[in-house]
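Given next are the chains, with one letter for each unit.
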Amino acid sequence: MNPLHVRRRSCRSLERLLAASAHRFGALSDARRARVLAALLDEAGRLGVPARAQHLRLSQGK
Amino acid sequence: MRDDNLDRSVQREADHNLLREVAQNEPGAVERLFAAYETTISRYVCHTVPDITEDDLEDVVQETFIGVLRSAKDYRGDSSLSTWILRIAHYKAIDALRRRKVVEKREETIENMSSDEVFFIGDASADVEDDVVNAQEVLLIRKALNLLPADQKQAIILRYVVGMRVDDVAETMKVSRRKAELLITRGRAALRERLAQLDVRQR
């Protein structure tokens, strides 16, 4: 008898297996996370500067 | 139920404010958005694209966030932010699948993956579930998940991997609540069946 089979049938719900899979997968390393965030800040800077300038102009009644 | 609706309303207002701040490039807004949604997006993409590499995952997460930034000014708060973001993530994940043409060969790839390879994207420090699930079990569940029809697979990922409520699953998939419930119910049954079949084949 496969021990995995016994374990799953006896005490592991499908939800727990899926939750465990979620817990194990989908984590970017710290280095990759930092790289993505840096790229986003760069992009936000490019996109956001005009929007912010316009917002300030409007709020200052210009 | 009223409290529930109130919570959702408050959450949507907070979401709307965050996106407005992102659109205006307010200090700290992008960082808050990233901190709030990076894990959710990564998990969703990882389970949608079964054999995704770390490089591709990084690309898809980045493309998703850039899509969010570019569309932030258009967000009206008609749906929850997580729903809105995961719709973008879904399209980016599907794009990644198409680009790499993994749809045709994904079964073969998963079949040939060792447990060690399966874990390269995992969180090495995550040991909360270590006592209940080992590498082979996770491999099996991922394998079984990717044998489901696409809509059932998406519903199961949103409900149990991302942890969405059924209402939000329905909203993300643009189906009725009843249809979402049906997809989840059928998906669970199909997943159990696939797991049983895979288990038998392993012996």
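So, how was this worked out
Residues numbered from 1 in each chain as written. Chains lettered and ligands numbered in written order. Predicted model: local features only at pLDDT ≥ 70, side-chain atom pairs only at ≥ 80, totals over all residues. Heavy atoms only, no water. Phe/Tyr/Trp six-rings, centres within 6.5 Å; stacked < 30°, edge-to-face > 60°. Helix = DSSP H or I, 4+ residues; strand = E, 2+ residues; numbered from the N terminus. Buried < 20%, exposed > 50% of the residue type's maximum accessible area, 1.4 Å probe, protein only. Core = buried A, V, L, I, M, F, W, Y, C linked by side-chain atoms within 4.5 Å. Contact = heavy atoms within 4.5 Å.

A. Fine view of the packing of aromatic side chains. Residues and elements named next belong to chain B. Within the structure shown, the criterion is met by two aromatic pairs over all chains. Judged by centre distance (5.2 Å) and plane angle (45°), the rings of phenylalanine 34 and phenylalanine 65 are tilted. Of this pair, phenylalanine 34 sits in helix α2 (residues 29–48) while phenylalanine 65 sits in helix α3 (residues 54–71), and the two are 31 residues apart along the sequence. The pair phenylalanine 34 / phenylalanine 65 is uniform in exposure class, with both members buried. Ring geometry for tyrosine 75 and tryptophan 84: centres 5.1 Å apart, planes at 55°, overall tilted. In this pair, the class of tyrosine 75 matches that of tryptophan 84, namely buried.

B. Geometry of unusual backbone geometry. All names here are of chain B. Phi is positive for asparagine 25, close to 55°, though the residue is something other than glycine. Tracing the backbone shows asparagine 25 in the loop between α1 (2–23) and α2. You will see that lysine 174, though not glycine, has its phi angle at about 55°, which is positive. Note that lysine 174 resides in the loop between α9 (166–173) and α10 (177–202).

C. Molecular detail of the nonpolar core. Grouped together as the largest cluster of nonpolar side chains are 65 residues, with contacts concentrated most on A:Leu18, B:Leu33, B:Val45 and B:Leu81. Apart from residues no more than four positions distant in its own chain, B:Leu33 is found in contact with B:Leu18, B:Leu19, B:Val22, B:Phe65, B:Val68, B:Leu69, B:Leu81 and B:Ile85.

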